[in-house]
Amino acid sequence: MAKKRTIRSIPQGRTPMVERPAAERARDFAEVTCGYTLDEAVRESERCLFCPDEPCVRGCPVGIDIPGFIRQIGEGDVRGAYDVLTGTTLLPAICGRVCPQETQCEGVCTVGQSLEPVAIGRLERFVGDRAIAEGWSSRPDIEPCAFTVAIVGSGPAGMACAADLAKAGCAVTVFEAFQQPGGVLRYGIPDFRLPNEVVDAEIAKLTRLGITFRCNTVIGRLFTLDQLVGEMGFDAVFIGVGAGAPTFADIPGESLNGVISANELLTRCNLMRAREFPERDTPLGVGRRVAVIGAGNTAMDAMRVCLRLGAEEVLCVYRRSRDEAPARAEELHHAEQEGITFHWLTDPVEILDDGKRGVRGLRCQRMELGEPDASGRRRPVPVPGSEIELECDTVVFAIGTNANPILGQTAKLRLDKRGYIEVDEELATSMQGVFAGGDIVTGAATVIEAMGAGRRAAAAMKRYLGLADPDVPYAPAGDAGLFGFAADQRDHARVRVA
Amino acid sequence: MSVADVAYDIVGREDFSDVTYLLEIREPDLARAARPGQFVIVMSHPEGERVPLTIADFDRDRGTITLVIQAMGKTTREMQAGLRPGSSLYALVGPLGRPSEIGTAKTVVCVGGGLGVAPIYPQARALKERGAYVIGVIGFRNKTLVFWEDKFRAVCDEFIICSDDGSVGIKGLVTDGIKQATAAHPDIDELIAIGPPIMMRGCAEVTRALGIHTVVSLNPIMVDGTGMCGGCRVKVGGRTRFACVDGPEFDAHQVDFDDLMFRLARFKPEEKIALERWQQGCRIESAPSVP
Ligand SMILES: Cc1cc2nc3c(=O)[nH]c(=O)nc-3n(C[C@H](O)[C@H](O)[C@H](O)COP(=O)(O)OP(=O)(O)OC[C@H]3O[C@@H](n4cnc5c(N)ncnc54)[C@H](O)[C@@H]3O)c2cc1C
Ligand SMILES: Cc1cc2nc3c(=O)[nH]c(=O)nc-3n(C[C@H](O)[C@H](O)[C@H](O)COP(=O)(O)OP(=O)(O)OC[C@H]3O[C@@H](n4cnc5c(N)ncnc54)[C@H](O)[C@@H]3O)c2cc1C
Ligand code: SF4
Ligand code: SF4
Ligand code: FES
């Protein structure tokens, strides 16, 4: 093997990823970034120092073997890299694109202490995309067991939980409220950031595992949780319904026409394809000058969608400063490139009526940063006498979500005081056999955390059902010498080809 | 994609007038789960819009639900033109919304204005089954639009029909019918009204003066029907509520009807474009083809 790498010997600059020019991309929905080629990926892999203490692995919420998969890329073995990745994550093409890497894996990468960190997300996306293009899957042969499992919600939490349980042999049905599966990946995150084909490919993989999707099904309404575990005979249930309920700020003018939630805007645009109106029937109703309140990923997506829909000016109104903006660094950067006008330290206090129940503008108050609050971020405080008026005809709220009330209304689930589902360390809810994870437990978080929760719940559900974990050598008491193999040599993930 | 095969087949259709039609759809799970006061969201084809429609009836033995639809704009007219027994819907989700509280009121007035006769029917029936004294008040613009008169009458102890032009029943609005009922029955405990917002507001005004508890079913513009878009928000008692999960029924005396009516006009320009474009398409299609 070559000489040990050091921070001086590796390529100093990060391998750039080709991006479409801002002026061109800001008017269509095709993807902004183009992904690495094999050569680019190999070159970037050469920047990894294979640190023995692996800080990046601890930075990843699901603990992906990052140096392990990067090593395979370096050797030109993309399939090998895929197998390493899928030991932990099910959605590399998605998380490589949408993880906030700068606060997770890349944020703690050793190289990042003196240079730009290794582009872990881009490498992961490269492998994930290659797998989709080549039709790889890490499908183990599945030995059916006798259990049937219901998954409520088809976002990343539900998808991950479904996959693991299907691999363990359970007959899995995913119930989804919308007409198409995918959760936020489908209705929330726009195509220019996460193309629909990527989501379709991941769903297709799940169906190849034998998972059934039953769309147009709202649990709590068509079937209650009691029915699922009772008369319908599901042995266990996982709830991954997300934290979809939008919040508004409770300021005057909120019910004016032209005031909408980012969820509504994005659902109309992405799921209902309102951007193709009138070829598609769903209208969108976004004007020429749009003010988006908030600075998280949802806000960035809403702003960039409005630009692409032809808005002349899109404003971002956020009460803290740029440093506190919760969006992924890359999205904020792309939004700036595309010409969004940012009003930092600006808090909306009233939406102004144009006299016809439409929006004429947004009255705001300037803020300054005071003492740090409980979250450690400096608390914005109003500057007296600093009110300004911003002209706009559409106001989009992207200031966070609440727990959806339907399951709480219709089942005896223990909820916390904000309405999220309470779970124990096994992700079990107060109802026997019912588990939960993802945004409906934690509040709005990230794709990878939701996926991780889905997998942890799947592991707990396997224990609950008494199924062996295929990752752990299983030694039933008393038959240690069966067929002359020691227990740990036996391959329990083996099995029948469907 | 291996999506579970749930078909949403149309098994019945009836046309009440040029603008109102009934569809009966087979979906046994939905028929079993449906309760009075709930609604469904329908997509007739994959490019279509999600349209909320009240469950006007359900038959658990046949495994069907019934929708009564007024052809208003593009989608409801396209459905009127295209859907009949043998065809099916692309998507059907429900039952959505909180079921009506059938309550304990002894004497109840059920008011249906125009198309509202359909959604109020299952409530009147449930009240009757519970043993309440049900006074039905239904109103139409004129005689040709009347539907379900017999069906409705059968679940009412008293029945008043009104029409704007006097071509059937008493000449006047449903509010006149309500006044007649309240004059005869000072013991009315509750009134439930479903119809156009302006009618529901009128009913609320009459009963407010009389101190009768009044429930209305609101019909704001919706997308998902599960509480995740906020498009259906309405003002009730000064608070913002989401009609699809907190409603659709609310205390009429708390509802801000002006707000509802303005919000319903949100997409007027787009609705016009969609309708005109569709009507043009129809003309082209139905034009004799040139050999
Ligand atoms: C616009 C937007 C952009 C984002 N960008 C990023 C990003 O760049 N990076 C990142 O890491 N995270 C991002 N997030 C956050 C991330 O998407 C979520 O944390 C994640 O999707 C949560 O996954 P989940 O599986 O818990 O729920 P969801 O993805 O919300 O999926 C829940 C699913 O359950 C369905 N459902 C709800 N109720 C019921 C019911 N009663 N019965 C049946 N089905 C039901 C819903 O329709 C939905 O499909 C973003 C979120 C949004 C909204
Ligand atoms: C809970 C609820 C129950 C309803 N029940 C019935 C019913 O039983 N029968 C019936 O005929 N109609 C019902 N409606 C109204 C019906 O949904 C609309 O008439 C329909 O969406 C019109 O669509 P369109 O394309 O034909 O007309 P458009 O031209 O799009 O609109 C006509 C009118 O319908 C309203 N509307 C448009 N889109 C929506 C939408 N997505 N959601 C709600 N309203 C909309 C608009 O205010 C507009 O004024 C109900 C609405 C709600 C919210
Ligand atoms: S899943 Fe996200 S945090 Fe983990 S390694 Fe991949 S990009 Fe980094
Ligand atoms: S911290 Fe960075 S350099 Fe070290 S192993 Fe992880 S990715 Fe490679
Ligand atoms: S229809 Fe979207 S929240 Fe009610």
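The structure presented is a predicted model; accordingly, all values stated were derived computationally and were not measured. (Residues numbered from 1 in each chain as written. Chains lettered and ligands numbered in written order. Predicted model: local features only at pLDDT ≥ 70, side-chain atom pairs only at ≥ 80, totals over all residues. Heavy atoms only, no water.)

## Let's talk about the confidence of the model for chain B
All names here are of chain B.
Thought 1: The predicted model of chain B averages 88 in pLDDT, with 95% of residues at 70 or higher.
Thought 2: No element of chain B has a lower mean pLDDT than helix H9 (residues 268-286), which averages 75, and none a higher one than strand E3 (residues 39-43), which averages 95.
Thought 3: Overall fold confidence for the complex sits at a pTM of 0.89, while the interface term, ipTM, reaches 0.90. (pLDDT = per-residue confidence, 0-100. Helix = DSSP H or I, 4+ residues; strand = E, 2+ residues; numbered from the N terminus.)

## A few points about the interface of chain B and chain A
By a widely used convention, the size of an interface equals the accessible area lost when the partners come together.
Thought 1: Chain B puts 56 residues into the contact, and the matching count from chain A is 51 residues.
Thought 2: Of the roughly 4300 Å² buried where chain B meets chain A, counting both sides, 55% is carbon and sulfur surface.
Thought 3: In this structure, the connection of chain B to chain A is made through five salt bridges.
Thought 4: Here Asp281(A) ties to Lys74(B) by a salt bridge, and the two come within 2.6 Å at their closest N and O atoms. (Contact = heavy atoms within 4.5 Å. Buried area = accessible area lost by both parts, 1.4 Å probe. Salt bridge = Lys/Arg side-chain N within 4 Å of Asp/Glu carboxyl O.)

## A closer look at unusual backbone geometry
Residue and element names in this part refer to chain B.
Thought 1: Between Gly-94 and Pro-95 the backbone carries a cis peptide bond, its omega angle lying at 0 degrees.
Thought 2: Looking at the secondary structure, you find Pro-95 in strand E8 (residues 91-96).
Thought 3: Gly-247 connects to Pro-248 through a cis peptide bond whose omega is 10 degrees.
Thought 4: With respect to the helices, strands and loops of the structure, Pro-248 is situated in the loop between helix H7 (243-246) and strand E17 (249-251).

## So, the domain arrangement of chain A
All names here are of chain A.
Thought 1: Domains assigned within chain A are domain 1 (22-134), domain 2 (148-244 + 403-465) and domain 3 (254-401).
Thought 2: Using C-alpha coordinates to define each centre, domain 1 is positioned 26 Å away from domain 2.
Thought 3: The interface is formed by 21 residues belonging to domain 1 together with 24 residues belonging to domain 2.
Thought 4: Overall, the association of domain 1 and domain 2 removes approximately 1900 Å² of surface from exposure, summing both partners, and the carbon and sulfur fraction of that is 75%.
Thought 5: Summed over the three residues of domain 1 that lose the most area to domain 2, namely Leu-90, Leu-91 and Ile-94, the buried surface amounts to 31% of that side.
Thought 6: At the junction of domain 1 with domain 2, the criterion picks out four residue pairs in polar contact (both at pLDDT 80 or more).
Thought 7: A per-element tally of the side of domain 1 that touches domain 2 places helix H6 (residues 92-98) first, with five residues. (Domains from an automatic or database assignment. Polar contact = N/O pair within 3.5 Å; in protein donor to acceptor, adjacent residues only side chain to side chain.)

## Things to note about the sheet that holds strand E14 (residues 213-217) of chain B
Residue and element names in this part refer to chain B.
Thought 1: Taken in spatial order, the seven strands line up as E12-E11-E10-E9-E13-E14-E17 in an open sheet, and their pairing is mixed. Bordering the open sheet on either side are strand E12 (170-171) and E17, each of which pairs with just one other strand.
Thought 2: When strand E13 (residues 190-194) meets E14, the two strands line up parallel, connected through four bridges. The residue of E14 that forms the bridge with Glu-190 is His-213. (Pairing = 2+ DSSP bridges.)

## Section: helix H13 (residues 297-308) of chain A
Residue and element names in this part refer to chain A.
Thought 1: End to end, H13 covers 16 Å across 12 residues, agreeing with the expected 16 Å (1.5 Å per residue, within 8%).
Thought 2: Every buried residue belonging to H13 is among Ala-299, Met-300, Asp-301, Ala-302, Met-303, Arg-304, Val-305, Cys-306, Leu-307 and Arg-308, and all of these are buried.
Thought 3: Where H13 ends, the next residue or the one after it, Gly-310, has phi of about 100 degrees, a positive value. (Expected span 1.5 Å × (residues − 1). Buried < 20%, exposed > 50% of the residue type's maximum accessible area, 1.4 Å probe, protein only.)

## Examining the pattern of salt bridges
Pairing between side chains becomes possible if they bear opposite charge and their charged atoms approach one another.
Residue and element names in this part refer to chain A.
Thought 1: For the structure on display, the rule yields 48 salt bridges over all chains.
Thought 2: Put simply, Arg-20 and Asp-28 hold a salt bridge, and the shortest N to O gap is 2.6 Å.
Thought 3: In this structure, the salt-bridge partner of Arg-273 is Asp-191, at a minimum N-O distance of 3.7 Å. Here Arg-273 is found in the loop between helix H12 (262-271) and strand E7 (289-293), whereas its partner Asp-191 is found in the loop between helix H9 (184-187) and helix H10 (196-208), with 82 residues between them in sequence.
Thought 4: Judged by relative accessible area, which is 13%, Arg-273 ranks as buried.

## Considerations on the site of ligand 1
Residue and element names in this part refer to chain A.
Thought 1: Residues in close proximity to ligand 1 total 34 residues, the closest being Val-98, Ala-157, Glu-176, Arg-193 and Asp-439.
Thought 2: Here Arg-193 contributes a side-chain N or O atom positioned 2.8 Å from an oxygen atom of ligand 1.
Thought 3: Notes on ligand 1: free accessible area 1000 Å², of which the protein chains cover 95%.
Thought 4: Broken down by secondary-structure element, the contributors of at least two residues to the shell around ligand 1 are helix H8 (156-167), H13 and helix H17 (447-465).
Thought 5: The leading source of residues in the shell around ligand 1 is H13, at three residues.
Thought 6: Here the shell around ligand 1 spans two domains, since at least three of its residues come from each of domain 2 (148-244 + 403-465) and domain 3 (254-401). (Near = heavy atom within 4 Å. Areas by Shrake-Rupley, 256 points an atom, 1.4 Å probe, with all protein chains shown as cover.)

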